Amino acid sequence: VTHILSFNYTDTYARMYDVLNAKKYDYIHGKANSNHTLETNNMVLGIDEYLPEDRRNRETEFIAFKKYYQRIYKETGCKYKEWVEFIRYNKRIDHRLYIFGHSLDETDGDILRDLILNDNIYTTIYYWNKETMGKQIANLVKVIGQDELIRRTGGRKKTIVFKKQQ
């Protein structure tokens with residue numbers, strides 16, 4: 001079964017590229033819709049966590065600007081959490097994760113970690129050019145750490161590969 005986790009606000013992928021006709025989409029940052037009002041708009045536009053771990057759960061003055069808060073508050077669904085549970089429960093099955101058009105920025109680090117840091121997920125990260133690839137690598141270090149990135153991109157048990165877009 002193909003699942004699409006979209007960080008995009010539009011259904012461009014579904015309209016232009018979904019040759020498999022995937023039925024399971026999760027617009028994790030909401031979806032642009034001209035019928036939405038300011039109150040019904042569910043688009044997530046947030047910032048990264050900036051507080052040290054000992055302060056982030058106590059100092060919540062700016063919580064409304066953080067992506068995880070907005071995902072909950074705007075009820076974007078987080079269907080991907082069910083998909084991650086399925087992946088973790090089905091350890092004997094190899095799962096494929098394809099990342100296309102994402103910078104791998106820390107602001108989505110919680111979601112990326114949930115997906116990438118499973119030993120039964122094989123991740124292909126597509127890049128446009130070497131400069132883009134370099135930025136993705138640097139961002140991924142911030143998300144999963146350099147040791148984890150090195151472990152997952154080398155050796156017999158590598159689970160992450162970078163691939164140039166055609």
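Engineer: Hey, could you run me through the nonpolar core in this one?
Structural biologist: As a rule of thumb, soluble globular proteins bury nonpolar side chains together. Within the largest apolar cluster, 22 residues are counted, with the highest numbers of intra-cluster contacts made by Ile99, Ile116, Ile125, Leu140, Ile160 and Phe162. Looking at this core, the elements with two or more residues in it are helix H4 (80-89), strand E3 (95-99), helix H5 (109-116), strand E4 (121-127), helix H6 (130-144) and strand E5 (160-164). Setting aside its immediate chain neighbours within four residues, isoleucine 116 contacts Leu97, Ile99, Thr123, Leu140, Arg152 and Ile160.

Engineer: I would appreciate a short explanation of H4 in the present structure.
Structural biologist: Since there are 3.6 residues in each turn of an α-helix, residues three or four apart along the chain are aligned in direction. Among the residues making up H4, those that are buried are Tyr80, Trp83, Val84 and Ile87. The buried residues of H4 all sit within an arc of 100° when viewed along its axis, so they share a single face. The exposed set on the far side of H4, more than 90 degrees from its buried face, consists of Glu82, Glu85 and Tyr89. Structurally, H4 contributes buried residues whose contacts are with strand E1 (3-6), strand E2 (24-27), E3, H5 and E4.

Engineer: Can you walk me through the side chain of aspartate 114 in this structure?
Structural biologist: Considering the arrangement of structural elements, one finds aspartate 114 in helix H5. What aspartate 114 contacts, discounting residues up to four positions off in sequence, is Tyr80, Lys81, Val84 and Arg88.

What counts and what doesn't
- Residues numbered from 1 in each chain as written.
- Predicted model: local features only at pLDDT ≥ 70, side-chain atom pairs only at ≥ 80, totals over all residues.
- Heavy atoms only, no water.
- Core = buried A, V, L, I, M, F, W, Y, C linked by side-chain atoms within 4.5 Å.
- Buried < 20%, exposed > 50% of the residue type's maximum accessible area, 1.4 Å probe, protein only.
- Helix = DSSP H or I, 4+ residues; strand = E, 2+ residues; numbered from the N terminus.
- Contact = heavy atoms within 4.5 Å.
- Arc of directions from axis to C-beta.

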